[in-house]
Amino acid sequence: KSALYEANMRGIPEESKSVFRNIYSDEQRLALDISNGRFEWTASLMKTEYLNLKGWSDSRKHINNITPAFEILINELGDRTPKDYSNREVLDLINKMRQQALKTSTIRRRLGLIRTVFNYVSKMYDLHDELRHPFVKFDIPDFGIDKVERPDFTQEQLELLRTKVKDSNDEISGLIAIMMETGLRISEACSLQRRDLKNLNDLYPFLTLHRNPSRPLKTKNSQRFVPLVGVAYDYAKAVDGTWLFPKYVDLLTTKIKNDSASAAVNKRLKAWLGDDAPTCHSFRHTLNTRLRDVSCPEDLRKELG
């Protein structure tokens, strides 16, 4: 307190602020701002409160998803209240992200995250003024022009993969087999359990995909039934444990290690097909193409995907 008094007496505001920050914790400074009528919901506070309200304050996945958007916002435009940002500044922010070689789809997603956080916290605390911010609606110049379509696997590549996975019974090969013939996402495949497999000894075997604690599907329509054929059926029928891919499941929390699985599968695909091999997510696009090529009705293709 003596240091703060001396700094004030010398009349150097920045020195006073520095000493003030060292004396009091973040919570104490916030309490003083509230009691003195100076408190403002800045972008960083809204991000923290959003994670708290959603129950994600300890979720590394959600924190890592939101943080890049708010880092560039605060670094470029400052840590201010939502209503204090201007439309022109949002355009400047978009241009800055373009300079960083971010794709327009990534820019839209990050600005959308900022909008979601601002809207959610503002509505929860009846901050009507803060709902009038420029992230409600924005235009990204040349949106979508830089989109790069994921390449499909060729028929020759699929045949080679089928031969490879038949000669190998490890979980990485099993993931390739399942995704190749079902079009499942990596997280969906990793979360499969033995009980999800149906009619394995009958004429029409299939798997069921439904929401559970380890599989938070994107939408209700993500629930579906998918036929089990070829190498996918062979791998599924050979599994005798609870999980089809226990290596990529935290057995204590049942959380899916989809990032590790994706990296492992993509590495295997490159080893088998070369450095220019499509990624495992291309199995989804490839299955849709295969179904379309045999005149499978569009509604059925959408249902399977």
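You'll find the structure just up there.
Residues numbered from 1 in each chain as written. Predicted model: local features only at pLDDT ≥ 70, side-chain atom pairs only at ≥ 80, totals over all residues. Heavy atoms only, no water.

Chemist: Sorry if this is basic, but what is going on with the overall build of the protein chain here?
Modeler: Per the secondary structure count, the protein chain includes 14 helices and five strands. Relative to the globule expectation of 19 Å for 305 residues, the C-alpha radius of gyration of the protein chain, 26 Å, shows a markedly less compact shape. Its C-alpha atoms give the protein chain principal-axis dimensions of roughly 85 × 45 × 35 Å. A buried classification covers 41% of the 305 residues belonging to the protein chain. Contacts in the protein chain between residues at least 24 apart in sequence constitute 60% of all its contacts with a sequence separation of at least 6. Working note: accessible area of the protein chain is about 18,300 Å², and carbon and sulfur atoms make up 50% of it. Averaging the locations of the 49 positively and 42 negatively charged side chains of the protein chain gives two centres separated by 2 Å. (Helix = DSSP H or I, 4+ residues; strand = E, 2+ residues; numbered from the N terminus. Rg over C-alpha atoms; globule rule 2.2 N^0.38 Å. Buried < 20%, exposed > 50% of the residue type's maximum accessible area, 1.4 Å probe, protein only. Contact = heavy atoms within 4.5 Å. Areas by Shrake-Rupley, 256 points an atom, 1.4 Å probe, with all protein chains shown as cover. Lys, Arg positive; Asp, Glu negative; His and termini not counted. Charge placed at Lys NZ, Arg CZ, Asp CG, Glu CD.)

Chemist: Can you walk me through the packing of aromatic side chains in this structure?
Modeler: Two numbers describe a pair of aromatic rings. These are the distance of the centres and the angle of the planes. Enumeration over the complete set of coordinates arrives at twelve aromatic pairs. Cluster of aromatic residues (ring-pair linked, three or more members): Phe 70, Tyr 85, Phe 118 and Phe 135. (Phe/Tyr/Trp six-rings, centres within 6.5 Å; stacked < 30°, edge-to-face > 60°.)

Chemist: Explanation requested: helix α9 (residues 171-182) in the structure shown.
Modeler: One turn of the α-helix equals 3.6 residues, which is why residues spaced by three or four share an orientation. Over its twelve residues, α9 runs 16 Å from end to end, which matches the ideal 16 Å to within 8%, given 1.5 Å per residue. In terms of burial, α9 is largely enclosed, as twelve of its twelve residues are buried. Residues of α9 that are buried: Glu 171, Ile 172, Ser 173, Gly 174, Leu 175, Ile 176, Ala 177, Ile 178, Met 179, Met 180, Glu 181 and Thr 182. Among the residues of α9, the N-terminal cap falls to Asp 170, whose side-chain oxygen and the backbone nitrogen of Ile 172 are separated by 3.3 Å. Following α9 by one or two positions, Gly 183 has its phi on the positive side, about 75°. (Expected span 1.5 Å × (residues − 1). Polar contact = N/O pair within 3.5 Å; in protein donor to acceptor, adjacent residues only side chain to side chain.)

Chemist: What am I meant to see in the nonpolar core here?
Modeler: A general tendency of soluble globular proteins is for nonpolar side chains to be buried together. Within the largest apolar cluster, 43 residues are counted, with the highest numbers of intra-cluster contacts made by Leu 175, Ile 178, Leu 228, Val 265 and Phe 283. For this core, the elements supplying multiple residues, two or more each, are α8 (155-166), α9, α10 (186-190), β2 (206-209), α11 (230-238) and α12 (258-273). Residues in contact with Leu 228, not counting those within four places in the same chain, are Ile 178, Thr 182, Leu 197, Leu 200, Pro 205, Phe 206, Leu 207, Tyr 233 and Ala 236. Among the nonpolar cores identified, the runner-up in size contains 28 residues, and Leu 51, Ile 94, Leu 102 and Val 117 belong to it. (Core = buried A, V, L, I, M, F, W, Y, C linked by side-chain atoms within 4.5 Å.)

Chemist: Could you clarify how one ought to interpret the pattern of salt bridges in this entry?
Modeler: Oppositely charged side chains may form a pair once their charged atoms are brought near each other. Tallying each qualifying case throughout the model produces twelve salt bridges. Between Arg 88 and Asp 92 there is a salt bridge, with its nearest N and O atoms 3.2 Å apart. Within this pair, Arg 88 and its partner Asp 92 are both found in helix α6 (residues 87-99), separated by four residues, close to a single helical turn. The network of salt bridges with common partners includes Glu 159, Arg 162, Glu 181 and Arg 290. (Salt bridge = Lys/Arg side-chain N within 4 Å of Asp/Glu carboxyl O.)

Chemist: Would you explain helix α13 (residues 282-293) in this entry?
Modeler: Compared with an ideal rise of 1.5 Å per residue, which puts twelve residues at 16 Å, α13 spans 16 Å between its outermost C-alpha atoms and is within 8% of the ideal. Among all positions in α13, only Ser 282, Phe 283, Arg 284, Thr 286, Leu 287, Thr 289 and Leu 291 are buried. Two residues or fewer after α13 comes Ser 295, characterised by a positive phi angle close to 65°.

Chemist: Please explain the state of the cysteines as it appears in this structure.
Modeler: Such a bond, covalent and formed between the sulfur atoms of two cysteines, is termed a disulfide. Using the criterion set out here, one finds zero disulfides in the structure. Free of any disulfide, Cys 190 has its nearest neighbouring cysteine sulfur in Cys 280, separated by 8.9 Å. Exposure remark for Cys 190: the relative accessible area of 0% places this residue in the buried category. (Disulfide = S-S within 2.5 Å.)

Chemist: Would you mind going over a nonpolar patch on the surface with me for this structure?
Modeler: On the surface, Leu 53, Met 124 and Tyr 125 cluster together into a nonpolar patch covering about 260 Å² of accessible area. Here Met 124 is to be found in helix α7 (residues 104-124). The exposure class of Met 124 is partly exposed, given its relative accessible area of 46%. (Patch = residues over 30% accessible without salt bridge, like charges linked within 9 Å, V, L, I, M, F, W, Y side chains within 5 Å.)

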